[in-house]
Structures are given as structure tokens and as C-alpha cells.
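Notes for the structure review
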Amino acid sequence: MKNGLEDVIAAETQLSDVDGEAGRLIIRGVSLDQLVAGGTYEGVAALLLDGLMERSFDEAELRGWLAKARTKVFVHIEAADAALLALPPVDAMRALIARLPDGEDFDTALGLLAAPAVFLPAVLRLQRGQKPIAPDTALSQAADILRMLTGKLPSKEQVAALDTYLVTISDHGLNASTFASRVIASTQAGLTSSVLAALSALKGPLHGGAPGPVLDMLDAVGTAENAGRWLAEALERGERLMGFGHRIYRVRDPRADALKGALKPLITSGQVDSARSALAEAVEAAALAILKARKPDRQLDVNVEFYTALLLEALFPREAFTGVFAIGRTVGWLAHAREQALDGRLIRPRSVYVGPLPAAA
Ligand code: CMC
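Residues numbered from 1 in each chain as written. Predicted model: local features only at pLDDT ≥ 70, side-chain atom pairs only at ≥ 80, totals over all residues.

Regarding the sheet that holds strand E3 (residues 30-31)
- The strand order across the open sheet formed by three strands is E1-E2-E3, and the pairing between neighbours is antiparallel. In this open sheet, the two strands that pair with only one neighbour each are strand E1 (16-19) and E3. (Pairing = 2+ DSSP bridges. Helix = DSSP H or I, 4+ residues; strand = E, 2+ residues; numbered from the N terminus.)

Side note on the domain arrangement of the protein chain
- For the protein chain, the assigned domains are domain 1 (31-205 + 319-343) and domain 2 (211-313).
- Domain 1 and domain 2 are separated by 27 Å when their C-alpha centres are compared.
- Facing the 15 residues of domain 1 at the interface are 18 residues of domain 2.
- Of all the secondary-structure elements, those providing two or more residues to the side of domain 1 that touches domain 2 are helix H1 (32-36), helix H8 (156-168) and helix H16 (321-343).
- Sorting elements by how many residues they give to the side of domain 1 that touches domain 2 places H8 first, with seven residues.
- Of the residues that constitute the side of domain 1 that touches domain 2, the class distribution is nine nonpolar, five polar and one charged. (Domains from an automatic or database assignment. Contact = placed C-beta atoms within 7 Å. Nonpolar A, V, L, I, M, F, W, Y, C, P; charged D, E, K, R; others polar.)

Describing the pairing of E1
- Of the two faces of E1, only one is covered, namely that formed by Ser-16 and Val-18; the face formed by Asp-17 and Asp-19 stays uncovered.
- Two elements, E1 and strand E2 (residues 24-27), share four bridges in a ladder whose sense is antiparallel. Paired with Asp-17 across the two strands is Ile-26, which belongs to E2.
- Connecting E1 to the antiparallel partner E2 that follows it, the hairpin turn spans four residues, and Gly-23 within it adopts a positive phi of roughly 65°. (Buried ≥ 20, exposed ≤ 12 C-beta atoms within 10 Å, placed from the backbone.)

Re the environment of Leu-25
- Note that Leu-25 resides in strand E2.
- C-beta crowding within 10 Å serves as the criterion here: with 26 such atoms nearby, Leu-25 is assigned to the buried category.
- Expressed as a C-alpha distance, the spacing of Leu-25 and Arg-255, which sit 230 residues apart in the sequence, is 8.1 Å.
- In this view, Leu-25 contacts Ser-16, Val-18, Leu-32, His-172, Pro-254 and Arg-255; residues no more than four positions away in its chain are not counted.

Looking at unusual backbone geometry
- Even without being glycine, Leu-5 reaches a positive phi, approximately 50°.
- By the element assignment, Leu-5 lies in the segment before E1.
- One non-glycine residue, Gln-188, lies in the positive phi region at around 65°.
- Assignment of secondary structure puts Gln-188 in the loop between helix H9 (176-186) and helix H10 (191-202).

Observations concerning the site of the ligand
- Near the ligand lie 20 residues; those nearest to it are Ala-210, Arg-240, Phe-244, Gly-245 and Arg-247.
- Its residues placed into classes, the shell around the ligand shows seven nonpolar, eight polar and five charged. (Near = placed C-beta within 6 Å.)

Quick look at the packing of helix H5 (residues 89-97) against H16
- Remark: H5 packs on H16, axes separated minimally by 7 Å, with the N-to-C direction vectors making an angle of 40°. Here H16 runs oblique to H5, going by the angle between their axes. Contact residues: Pro-89, Val-90 and Met-93 in H5; Thr-322, Gly-323 and Ala-326 in H16.
- Here the contact of H5 with H16 is composed, by residue class, of four nonpolar, two polar and no charged. (Axes fitted to C-alpha atoms, helices over the stretch in contact; angles between N-to-C directions. Parallel < 35°, antiparallel > 145°, perpendicular 65-115°, else oblique.)

Side note on the UniProt feature "active site" (unreviewed entry) in the protein chain
- According to UniProt, the feature "active site" (unreviewed entry) maps to His-246 and Glu-305 in the numbering used here. For the annotated residues, spread through 60 residues, the largest C-alpha to C-alpha distance comes to 10.4 Å, consistent with a single compact locus.
- Given 19 C-beta atoms within a 10 Å radius, His-246 is considered partly exposed.
- Looking at the secondary structure, you find Glu-305 in helix H15 (residues 304-313). (UniProt positions renumbered as here; feature names shortened; annotations may be inferred.)

Below, the structure written as C-alpha cells:
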């Protein structure tokens with residue numbers, strides 16, 4: 001038995017491959033580097049879902065259908081009452097998604113791709129006492145998310161940064177939320193149920209909830225000179241350094257560099273404070289040195305969440321981060337759910353009983 005199912009192969013997939021030794025991510029035969037070079041959310045979504053739904057389509061067709069689906073799901077915002085809006089944004093999103101119909105068809109999938117993109121900005125606005133903004137069918141999903149949040153058309157650098165983020169995190173092997181999605185799919189419960197289970201798994205700090213704490217760490221460190229001392233003290237207190245370490249990667253997470261690259265145009269155009277990114281680089285360097293010294297046998301390196309934190313900070317309020325991760329990862333969850341449903345076999349492992357035995361009669 002392996003604790004945490006570490007290294008256990010639990011599915012065969014054509015969707016993505018994570019090579020933890022080489023630091024390489026492939027999505028449907030395309031490397032992450034190639035995907036992020038001008039890639040869009042709709043492009044990677046079409047790639048991931050290709051051949052898994054009852055009809056085939058390309059990026060442009062998907063863009064049009066998604067825009068219509070955003071308009072369709074917007075009506076559900078009316079169900080956002082005071083009790084729902086008192087929840088953290090990702091929980092409010094989950095409660096709204098739970099009201100969508102459940103099924104295996106293409107319309108259900110489109111609604112699930114559109115819903116988090118519409119619900120998150122609307123929930124954030126409602127929580128601030130602002131009116132939600134309806135979708136604009138002329139825009140791409142990334143541009144519309146930012147416009148629905150702020151009410152303004154985003155800059156081209158902001159749209160490109162969000163597209164790169166959404167592409168980068170679209171799928172990543174059999175991570176905890178994707179596994180949850182496949183388990184539910186194997187019971188034939190429907191795509192909405194798969195997405196709800198996956199979203200519940202994603203929000204934990206060991207999975208998708210780390211970027212907020214990464215920023216808390218940067219704030220607490222404050223200055224580059226303070227980094228080494230602060231990080232050493234945090235480790236002394238038994239804390240983990242957020243944005244470092246990974247179950248699969250034994251080298252630098254390739255997604256970290258994709259996101260660091262996406263930040264550059266925002267920095268050079270003055271849309272991200274260069275002092276903030278300099279502090280992040282200083283913290284990264286100090287953390288890598290300390291982790292290497294303290295854990296020489298377990299190669300701990302930077303993971304996706306570190307630069308996610310910086311990139312998302314430029315575009316969203318901190319409380320939205322896990323929800324933005326969900327917007328991007330939903331397509332991976334759906335693709336895996338469909339792949340599993342087509343496989344048709346119920347996922348039902350066994351456990352080893354280590355509890356007491358009944359008293360002898
Ligand atoms: N800071 C300090 N020590 C660490 C860290 C860290 N970030 N990560 C692992 N370690 C230590 C850990 O304490 C353990 O030491 P020991 O053997 O003495 O107990 C050793 O390294 C091995 O760790 P592990 O818990 O067996 O590793 P894991 O595969 O279960 O954990 C992880 C992976 C991501 C949960 C962990 O590295 C972690 O908690 N990182 C911080 C949170 C974080 O950044 N999460 C986002 C993960 S990436 C998102 C994704 O791909 O979904």
C-alpha cells in the first residue's frame with residue numbers, strides 16, 4: 001500500500017503527461033512551451049475536448065459557443081442570495097454550479113466551461129455591493145472574465161497573461177481534483193457532479209489554495225534582505241513554504257517559467273510593480289537555498305503556485321485565486337470525466353482493514 005497513492009498508476013490517459021524528472025508537461029502531444037506561445041483558452045479547450053464529445057469543433061467554433069453559453073448561465077446569478085454571498089467566492093461558485101443540470105451532453109459541458117467564468121466575477125462584484133456585469137458575446141473567455149470583473153475592457157497584456165495562465169493550468173495528469181472528477185465519472189453520475197467533486201478537492205491549500213498564502217508570505221517577508229531569516233524561522237515553526245515542493249516534480253515545475261514569462265509584458269508595461277517581482281525572485285532564491293540545505297534528499301523546487309500568485313495578483317483580488325484556478329482547470333476535469341465515462345469501468349479500489357476484530361464468541 002502507498003500512502004497518498006504516491007506513484008500508483010490509476011488510469012490510462014491520452015490527455016496529459018507530467019514528467020517529474022525532466023520537468024516536462026505535454027497536453028495531447030503538444031508541449032507546454034508550444035501551447036503558451038500565443039495560445040488561448042479556447043485553443044487548449046478545443047484540443048483537450050477533441051474527440052471526447054458527441055461532436056467535433058475547432059477553436060473558433062468553441063469561442064462562439066462558449067460566448068453564448070456565458071450569456072445562458074448568467075441568469076443563474078439571480079439565485080445568489082445573501083447566504084450564498086456570505087461564503088468564500090469559490091464556495092459560492094460551487095453552490096451556483098450545483099444548480100446547473102447534470103448530464104453527459106455537449107450543452108452540459110459548455111455550460112460548465114462558461115459557468116465558473118461568469119459566476120466568479122459576478123460573485124466578487126456582488127460581495128462588494130456592485131451590480132454583476134452581463135457577458136459580451138464578442139469577446140474571448142479571458143477578455144470577458146476581466147471585463148465582467150472590472151467593467152472595463154482589459155489591456156492586451158492582461159488578456160494575454162490570463163490566456164497563458166488558463167492554458168498553463170488546463171490539465172496536469174492525475175492530480176487530486178482530476179482523480180476526483182474521474183471517480184465520479186466512473187459512477188455515471190454526470191459531468192456537473194464530476195466538476196463539483198473536483199472543485200471541492202481543488203480548494204484545499206495543498207492543491208489549488210496555495211497562491212493566496214504565497215502572497216501572504218511575500219507580504220510577511222517584506223524586503224529581500226529579510227527573506228532568508230523569515231523563511232528559516234517559518235521552517236523552524238514547522239511550516240511549509242507555499243509555492244515550493246511537488247508530489248511529481250523533482251525539478252522546477254515547467255509551469256512556473258511559463259507564468260514567469262507571462263508576467264514580463266505586464267512588468268515592462270508598468271502593469272505589475274517591478275519591486276514586487278524583484279521581491280518574489282529574492283524569496284524564491286532564498287527559499288531554494290534553505291530547502292536544499294535542510295532537505296538535501298528531497299529535491300524541493302518552485303511549483304506552479306509561486307508565479308501564479310504574482311500573475312493573478314495583477315489581475316484579481318486575492319480571495320478570487322482558487323476560483324480562477326477552477327475556471328482554467330474545469331476543461332481538464334471535463335476531458336478526464338469524458339475519457340473515464342467512455343472507458344466505462346467503475347473505479348472501486350480496496351482498503352486494508354487495520355481496526356479491531358470482533359471479540360471471540
Ligand atoms: N516547504 C517545506 N518543506 C516541504 C515542502 C515545503 N513547501 N514541501 C515538502 N516539504 C518536505 C516535507 O515536510 C517532507 O519532509 P519530511 O519527510 O521531513 O516530513 C518532505 O519535504 C516530503 O514532503 P511530502 O509531504 O512527502 O511531499 P508531498 O508529495 O506529499 O507534498 C506538496 C507535495 C505540494 C503537498 C508539498 O510540497 C507542500 O505542502 N507544498 C506547499 C504547498 C503548495 O505549494 N501547494 C501547491 C502544490 S502545486 C499545485 C498542483 O500541482 O496542484
